Amino acid sequence: MQKLKSLSKGIIEHAEPNLGIIGIFTTLGYPVYYIIWTYLFPQPYENLALRMFCAVISIPCILHRQIPVSVKKFFPLYFYFTFFIDVPYFFSFMLLKNECSIIWTMSLLTGIFMLILILSNWMVVSIMTILGFMTAYATVMFLDGEVSFAHFQLEYIPIFLFSFFGSIIANHNRQLANQTKISLLKSLSGSIAHEMRNPLNAITNAIGSVQATLPKKTDINTESESYSVSYSCLMNIHQVIEESSNTLNRANKIIDSILTSMRGGEVSTGMFIRISVADAVEEAVSNFPFNDAEEKMLVSINKIQNFNFLGDRDLFHYVLFNLLKNSLYYKNKKNFCITITTDSTLTENTIKFRDTGPGIPANKRELVFDSFYTSDKKGGNGLGLSFCRRVIDAFGGTIVCNSKEGEWTEFIITLPKYDSKKVKEIKKRILQEKRVLITDDQPGNRLLLSKFLSETNCQYEIAENSTRAIEMLSEKRYDLIFMEFETHALNDVSAVRFIRSAEGIAPALAIHYLDVPVIGLTSLPREKALEQAGKCGINEVITKPVKKTDIRKIIEKYFFSGVQSIRHGGEELISGKRILLVDDNETSVKFMSIMLDHFGCNVDHAIHGKEAIDLLEKEDFDLVLMDLEMPVMGGIEATRVIREGTRFNRFRSFKTIPIIALTGNDDEQNKENIKNAGMNHHLCKPVFTDALISAITLVLNNESDEKKTIPANKKERPVTSRVTFWNTLNSENILDAAIINSLIEIGGEELLESLVESFSTDTDKLIGKLEESVAAKELKQFDFTIHTLKGSSGCIGAHKMFVLCRYINEYSRKGEWPDNSTWLEILKTVYAETKHELQILINPETTSSS
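Residues numbered from 1 in each chain as written. Predicted model: local features only at pLDDT ≥ 70, side-chain atom pairs only at ≥ 80, totals over all residues. Heavy atoms only, no water.

**A short note on the overall build of the chain**
Rules: Starting at the N terminus, helices and strands are each numbered in turn, a helix being any DSSP run of H or I of at least four residues and a strand any DSSP run of E of at least two. Exposed residues in this analysis have more than 50% of their type's maximum accessible area, buried residues have under 20%, and partly exposed residues fall in between, with area computed by a 1.4 Å probe over protein chains only. Each accessible area is a Shrake-Rupley estimate made with a 1.4 Å probe; only the visible protein chains count as cover when residues are assessed.
Along the chain, the regular secondary structure elements total 32 helices and 17 strands. Evaluated residue by residue, the chain yields a buried proportion of 46% over its 850 residues. A total of about 43800 Å² of accessible surface is found on the chain, and carbon and sulfur atoms cover 56% of it.

Below you can see the structure in the form of structure tokens.
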């Protein structure tokens, strides 16, 4: 009986959204078709009374939402009676009274199609159709004493059966697809709810720890009293807030990954880094939301051998969280325990997760990895292990299940060695998506860097100078920047400062460039280069000439080690700014207001777009934070109205006031709508402090007409001792074999010969310019020329000449002449030696014979 009630309820719920339109169609349709079949296309038999009865009983379908609760309990009886009379009985009766004419045969088929769509259940449709025909047959026999099939043809039978059962099968498949979607949504909501439960529990505990740190809340009014907390207490509070933000970030990433997986997408590999398994396992177990300390004691970690693997730390935590959650379902079993073992052999790395639960039958050990399979667990959604396998597959590994029923279950995760061919292939695919910018004014350096980067599989683009680099950075997103910070196009290191300040760069790119790694290329001594790099936001420096190992280390460090880049804050820019926060969510408003107040902003609030427009007309604001989905007027519409400016009389900055969108939808269509509406930037909810402050800082910075000036370099004496340098110069090798071999490897001996010829021609001219500079006492030209000569010497592998030019350039950069009056003669001598050695290198036979 309960199953019948459940079936009946499901059928009515399926039909309910369309009952109104069905009621209107039947109430009007029956009398209208009486006119059609009586006057336009007359049929042998019509019955107005029966049609009006069918129309009248359909009226409650139109008003079903207004039916009183006391009467609604009888609605299922009415529902089945009405559709039984209106469709199978009526159409069967009219078919038999018209002696099975072609018109009424087609009408009966149409009625049954409609019944199938309304009721959705093939069994109920079949029963009602058969009963309807039998009842109609009995009625005709009672009224006429006989039933005539004068127009019936045997061909009707296969056509009728095909149409009837075909419609049922098609509708049944549609229902299966619909049920699959419903199951998918249920599983998805359950999975997301589970993923949110962990961070919410962690945040609840974090709030509790903060409350325990702060003074107790009193019931009496103590606004005039002040309290103090210790420095360690303050640091603990900041740590709790930071950990809570990180927890939410991790949860968002897991949910995004699950949603991508549900859409059929691949697990994103963009955040894959080198991970220590020992650290990752300990961190996962430590962060798992156990119900109590006893539950945590059930888990032990057995570290036989630590190893590194390539993967995403948060996704790996998800895998272990899922295994822990599944295993702890059986924690009440006698002598239950969980053991996590990590080990490594010469060929592979393994993680074994074993529990002493009831075990899994052999025929179900592979099924547990199928979507929606739950092993009859209460509260399971069947997505966990399926997604775990997708994650481990993305890591290049495998996960399998072994078990002995009644004793234990073991999941074995096998991961490739970090230096294996499989991991290298994954890294190559990741690096294919990375874009690198090379900025150097020396062709040889650019050539070397291009060669080394192409071997890593990275995309790369080249800028001949810093000015061009800034243009390219303003147009595209680069994940790594190599920049010579002695170039003269933007006055030394000013280009890097420009990148970090993000002036004139679109906000979406500007936020990215706050953190992007910038690697300085320099000919300066390393100590001095590091000092300058730290002042302008360069992450680290590579001393010229660049080597292949340098590039590989940089790629590994900044793309696969999880190292944090430098962020140069500009929070002082937003202090005192007046911000209009437009959002109808009270919790969101409170949270963001607290954040902005902390940074010295003055915040006003509007609950929808229309109120925001009214406030802008009345008062002055520096920036608007605009939610997209609000009552009365949403963010997109409000922004369009603001940009048009037709609603304003006083307010004149409607075209230029920065507007940042706040949205929970980060898809491409939404981004396009935001851009088209005239918004400057968007932030995806939940909004975190760093992202919010960075976005506001950069948008306000881009609105400013003032350009920052780069302070002049302080004069410093070269660090190299004069006596030491000039005495040791002759001990330097004339050529650098490593660079020359690299050039030959890139383009063969033809390339080397061409570069040597260009080097000789250019150097002759540059030495001539040096002589002119000395004669005219023109330090600026002298500095530029020696810098150029230094770069070209390094590129060609003229090591001794490079060392000499680098030393002289230390003086020229400070606006001074070298400390040796014979420096030009020494330079000419070294150049002659270099030229001779290069000629021997490219043409040994001619040189020896001469």
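Picking up where we left off.
**With respect to the side chain of Thr-639**
Note the cut-off: In what follows, a contact means two residues having at least one pair of non-hydrogen atoms within 4.5 Å.
Relative to the helices and strands, Thr-639 resides in helix H24 (residues 635–644). Those residues in contact with Thr-639 that lie beyond four places of it in its chain are Met-626, Ile-659, Ala-677, Gly-678 and Met-679.

**Comments concerning the sheet that holds strand S4 (residues 338–344)**
Heads up, the rule is: Two strands qualify as a pair provided DSSP detects at least 2 bridges between them. Fitted lines through C-alpha atoms give the axes, limited to the stretch in contact for helices. The angle between two N-to-C directions lies from 0 to 180 degrees.
The strand order S2-S4-S5-S7-S6 describes an open sheet built from five strands, whose pairing is mixed. Two strands in the sheet have a free side with no partner beyond their single neighbour: strand S2 (299–303) and strand S6 (398–404). Averaged over all pairs of adjacent strands, the angle between strand axes in this sheet comes to 15°, irrespective of strand direction. Note: S2 against S4, five bridges, orientation parallel. Across the sheet, Val-299 pairs through a bridge with Ile-338, a residue of S4. Of the strands in this sheet, S2, S4 and strand S5 (349–355) are in contact with helix H11 (residues 277–287), which crosses S2 at around 175°. Across the face of the sheet, helix H14 (residues 384–394) comes into contact with S6 and strand S7 (408–415) while running at roughly 135° to S6.

**Digging into the side chain of Lys-790**
As a reminder of what qualifies: Pairing of N or O atoms within 3.5 Å defines a polar contact, subject to two protein rules: one partner must be a possible hydrogen donor and the other a possible acceptor, and residues neighboring in sequence count only if both atoms are side-chain atoms.
The residue Lys-790 is located in helix H29 (residues 779–796) in this model. A polar contact is formed between the side chain of Lys-790 and the side chain of Asn-809, at a distance of 2.8 Å.

**Details of the confidence of the model for the chain**
Any segment with low pLDDT has predicted coordinates that should not be analysed in fine detail. The condition is simple: The predictor's confidence in any single residue is recorded as pLDDT, a number from 0 to 100.
Residue-level pLDDT values for the chain average 80, and 78% of them are 70 or greater. Across the chain, S5 holds the top mean pLDDT of 96, while helix H32 (residues 844–849) sits lowest at 54. Low pLDDT, under 50, characterises residues 487–492; the stretch is placed with 18 contacts to residues that sit more than four places away or in other chains.

**Remarks on the sheet that holds strand S11 (residues 518–522)**
Read across the open sheet, the five strands follow the order S9-S8-S10-S11-S12; overall the sheet is parallel. Bordering the open sheet on either side are strand S9 (459–463) and strand S12 (540–543), each of which pairs with just one other strand. The sheet shows a mean angle of 20° between the axes of neighbouring strands, direction not considered. Pairing between strand S8 (residues 435–439) and S9: five bridges, direction parallel. Paired with Arg-435 across the strands is Gln-459, a residue of S9.

**Some points on unusual backbone geometry**
Negative phi is the rule for most residues except glycine; trans is the rule for most peptide bonds. Of note, Glu-99 is a non-glycine position whose phi angle comes to about 60°, a positive value. Within the element layout of this structure, Glu-99 appears in the loop between helix H6 (75–97) and helix H7 (102–119). Given the relative accessible area of 30%, Glu-99 is considered partly exposed. Its identity as a non-glycine residue notwithstanding, Val-632 has a phi of 65°, on the positive side.

**Digging into the packing of H7 against helix H8 (residues 122–144)**
Worth spelling out the cut-off: When an angle is under 35 degrees it counts as roughly parallel; over 145 it counts as roughly antiparallel; between 65 and 115 it counts as roughly perpendicular; any other value is oblique. In this scheme, a crossing is called left-handed if the near helix is turned counterclockwise away from the far one by less than a right angle; it is called right-handed if the turn is clockwise. Classes in brief: Ala, Val, Leu, Ile, Met, Phe, Trp, Tyr, Cys and Pro nonpolar; Asp, Glu, Lys and Arg charged; the others, Gly included, polar.
The geometry of H7 relative to H8 is characterised by a closest axis approach of 9 Å and an angle of 140° between their N-to-C directions. Viewed along their axes, H7 and H8 adopt a mutual orientation that is oblique. In this structure, H7 meets H8 at a crossing whose hand is right-handed. Contact residues: H7 offers Ile-112, Leu-115, Ile-116 and Leu-119, while H8 offers Val-124, Val-125, Met-128 and Thr-129. Residues that form the contact of H7 with H8 fall into these classes: seven nonpolar, one polar and no charged.

**Some details on the packing of helix H23 (residues 609–618) against H24**
As a packed pair, H23 and H24 sit with axes 9 Å apart at the nearest point and diverge in direction by 25°. Put simply, H23 runs roughly parallel to H24. Between H23 and H24 the crossing geometry is right-handed. Taken together, the residues of H24 that come into contact with H23 (itself represented by Gly-609, Ile-613 and Leu-616) are Ala-638, Val-641 and Ile-642. Here the contact of H23 with H24 is built from residues that sort into five nonpolar, one polar and no charged.

**Thoughts on helix H2 (residues 19–40)**
Convention followed: Here the expected span of a helix is defined as 1.5 Å times the quantity of residues minus one. What the bend at a residue measures is the angle between two axes, fitted to the seven residues ending there and to the seven starting there.
The terminal C-alpha atoms of H2 lie 29 Å apart, and with 22 residues this matches the ideal 32 Å at 1.5 Å per residue to within 8%. At Gly-29, H2 shows its maximal kink, close to 35°; a proline, Pro-31, follows between one and four residues later. Three or more residues of H2 are buried, namely Leu-19, Gly-20, Ile-22, Gly-23, Thr-26, Thr-27, Gly-29, Tyr-30, Tyr-34 and Trp-37.

**Considering the packing of aromatic side chains**
Put simply, the test is: Aromatic rings from Phe, Tyr and Trp, taking only the six-membered ring of Trp, are treated as a pair when their centres fall within 6.5 Å; an angle between ring planes under 30 degrees marks them as stacked, one over 60 as edge-to-face, and anything in between as tilted. Any Lys NZ or Arg CZ that is within 6 Å of a ring centre and within 35 degrees of that ring's normal is treated as a charge sitting over the ring.
Applying the stated criterion to the full structure yields 31 aromatic pairs. Each residue in the set Tyr-30, Tyr-33, Trp-37, Phe-41, Phe-90, Phe-91 and Trp-104 is aromatic and connected to the rest through ring pairs, giving one cluster. Above the face of the Phe-560 ring, Lys-427 is positioned so that its terminal group lies 4.8 Å from the ring centre.

**So, the nonpolar core**
As a reminder of what qualifies: By convention a nonpolar core is built from buried Ala, Val, Leu, Ile, Met, Phe, Trp, Tyr and Cys residues, the set being connected through side-chain atoms within 4.5 Å.
Ranked by internal contacts, the top residues of the largest apolar core, which has 100 residues, are Phe-482 and Leu-827. If sequence neighbours within four positions are ignored, Phe-482 has contacts with Val-436, Leu-437, Ile-438, Thr-439, Leu-449, Leu-453, Ile-519, Leu-521, Ile-542, Ile-551 and Ile-554. Ranked by size, the runner-up nonpolar core spans 46 residues in total, among them Ile-505, Leu-524, Leu-596 and Ile-693.

**Brief notes about the environment of Phe-75**
Structurally, Phe-75 can be placed in helix H6. The spatial distance from the C-alpha of Phe-75 to the C-alpha of Cys-61 is 9.7 Å, given a sequence separation of 14 residues. Other than its neighbours up to four places away in sequence, Phe-75 contacts Ile-12, Leu-19, His-64 and Ile-67.

**Description of a negative patch on the surface**
Here is the rule: Patch membership is restricted to residues that have no salt bridge and whose relative accessible area is over 30%. Joining uses 9 Å for like charges and 5 Å for the nonpolar side chains Val, Leu, Ile, Met, Phe, Trp and Tyr. For this document, the term salt bridge refers to a Lys or Arg side-chain nitrogen within 4 Å of an Asp or Glu carboxyl oxygen. The charge count includes Lys and Arg as positive and Asp and Glu as negative, but it does not include His or the ends of the chains. Charge coordinates come from a single atom per side chain, which is NZ of Lys, CZ of Arg, CG of Asp or CD of Glu.
On the surface, Glu-749, Glu-750, Glu-753 and Glu-757 cluster together to form a negatively charged patch. Looking at where Glu-757 falls in the secondary structure, it is placed in helix H28 (residues 737–776).

**Quick look at the pattern of salt bridges**
For the structure on display, the rule yields 23 salt bridges. Arg-274 is the salt-bridge partner of Glu-556, the closest N and O atoms lying 2.6 Å from each other. On the criterion of sequence distance, the pair formed by Glu-556 in helix H21 (residues 548–560) and Arg-274 in strand S1 (residues 273–276) is long-range, its members being 282 residues apart. Taking relative accessible area as the criterion, Arg-274 reaches 31% and is therefore assigned partly exposed. A salt bridge links Glu-461 to Lys-476; the shortest N-O distance between them is 2.9 Å.

**Quick notes on the environment of Gly-600**
Examined against the element boundaries, Gly-600 turns out to sit in the loop between helix H22 (586–598) and strand S14 (602–606). Among the residues examined, Gly-600 registers a relative accessible area of 29% and is labelled partly exposed. Separated by 24 residues in sequence, Gly-600 and Gly-576 have C-alpha atoms that sit 5.4 Å apart. Apart from residues lying up to four places away in sequence, Gly-600 is in contact with Ser-575, Gly-576 and Lys-577.

**Focus on H21**
Look at H21: 17 Å from first C-alpha to last across 13 residues, which is about the 18 Å you get at 1.5 Å a residue. Among the residues of H21, Ile-551, Ile-554, Ile-555, Glu-556, Tyr-558, Phe-559 and Phe-560 are the ones counted as buried. Following H21 by one or two positions, Gly-562 adopts a phi angle in the positive range, close to 75°.

**Focus: a nonpolar patch on the surface**
The grouping of Phe-133, Tyr-137, Met-141, Phe-149, Phe-152, Leu-154, Ile-157, Leu-161 and Phe-165 at the surface amounts to a nonpolar patch, some 800 Å² of accessible area in total. Elements with a minimum of two residues in the nonpolar patch: H8 and helix H9 (156–213). Mapped onto the elements of the fold, Phe-133 is located in helix H8.

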